[in-house]
Amino acid sequence: MAIEVTLDIMLATRKVKSKDLAAHIGITDANLSLLKSGKVKGVKFDTLSKICDYLECETGEILRHVPDTDPAETDS
């Protein structure tokens, strides 16, 4: 199971700069960049809520579950 972060798409759709979002939610540009790239182990619900409030979106618009593909299952 994997979680895909589509925050960069939402930022582009909303025409919001990463720097502005980072400043609004109180994290560094570097940490927001890591979040956008999916290179973080987790995100606080409070941070996620602030992102959604600022972008006026739902969590499902910036995070997506991508099921693992099991080669054993596709052979049957």
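Residues numbered from 1 in each chain as written. Predicted model: local features only at pLDDT ≥ 70, side-chain atom pairs only at ≥ 80, totals over all residues. Heavy atoms only, no water.

Engineer: Whenever I open this one, the nonpolar core confuses me. Can you help?
Structural biologist: Side chains that are nonpolar tend, in soluble globular proteins, to be buried together. Residues Leu7, Leu21, Leu32, Ile51, Leu55, Cys57 and Ile62 are the most contacted members of the largest nonpolar core, which totals 15 residues. Breaking this core down by element, the ones donating at least two residues are α1 (7-14), α2 (18-25), α3 (29-37) and α4 (45-55). Here the element with the most residues in this core is α4; it accounts for 4 residues. Not counting chain neighbours up to four residues away, the residues in contact with Ile51 comprise Leu7, Leu21, Ile25, Leu35 and Ile62. (Core = buried A, V, L, I, M, F, W, Y, C linked by side-chain atoms within 4.5 Å. Buried < 20%, exposed > 50% of the residue type's maximum accessible area, 1.4 Å probe, protein only. Helix = DSSP H or I, 4+ residues; strand = E, 2+ residues; numbered from the N terminus. Contact = heavy atoms within 4.5 Å.)

Engineer: Where do I start with the side chain of Thr6 in this structure?
Structural biologist: When you line up the elements, Thr6 lands in the loop between β1 (2-5) and α1. Accessibility expressed as a relative area gives 11% for Thr6, which makes it buried. Among residues more than four places away in sequence, those in contact with Thr6 are Glu61, Ile62 and Leu63.

Engineer: Before we go on, may I ask you to explain the packing of α2 against α3 in this structure?
Structural biologist: The packing of two helices is summarised by the inter-axis angle and the distance between the axes. Two elements in contact, α2 and α3, have axes separated by 9 Å at closest approach and are oriented at 110°. The angle between α2 and α3 falls in the class roughly perpendicular. The hand of the α2/α3 crossing is right-handed. Of the residues in α3, those touching α2 at Ser18, Lys19, Leu21 and Ala22 are Asp29, Leu32 and Lys36. For the contact of α2 with α3, the per-class residue count stands at 3 nonpolar, 1 polar and 3 charged. (Axes fitted to C-alpha atoms, helices over the stretch in contact; angles between N-to-C directions. Parallel < 35°, antiparallel > 145°, perpendicular 65-115°, else oblique. Left-handed = near helix turned anticlockwise from the far one by under 90°. Nonpolar A, V, L, I, M, F, W, Y, C, P; charged D, E, K, R; others polar.)

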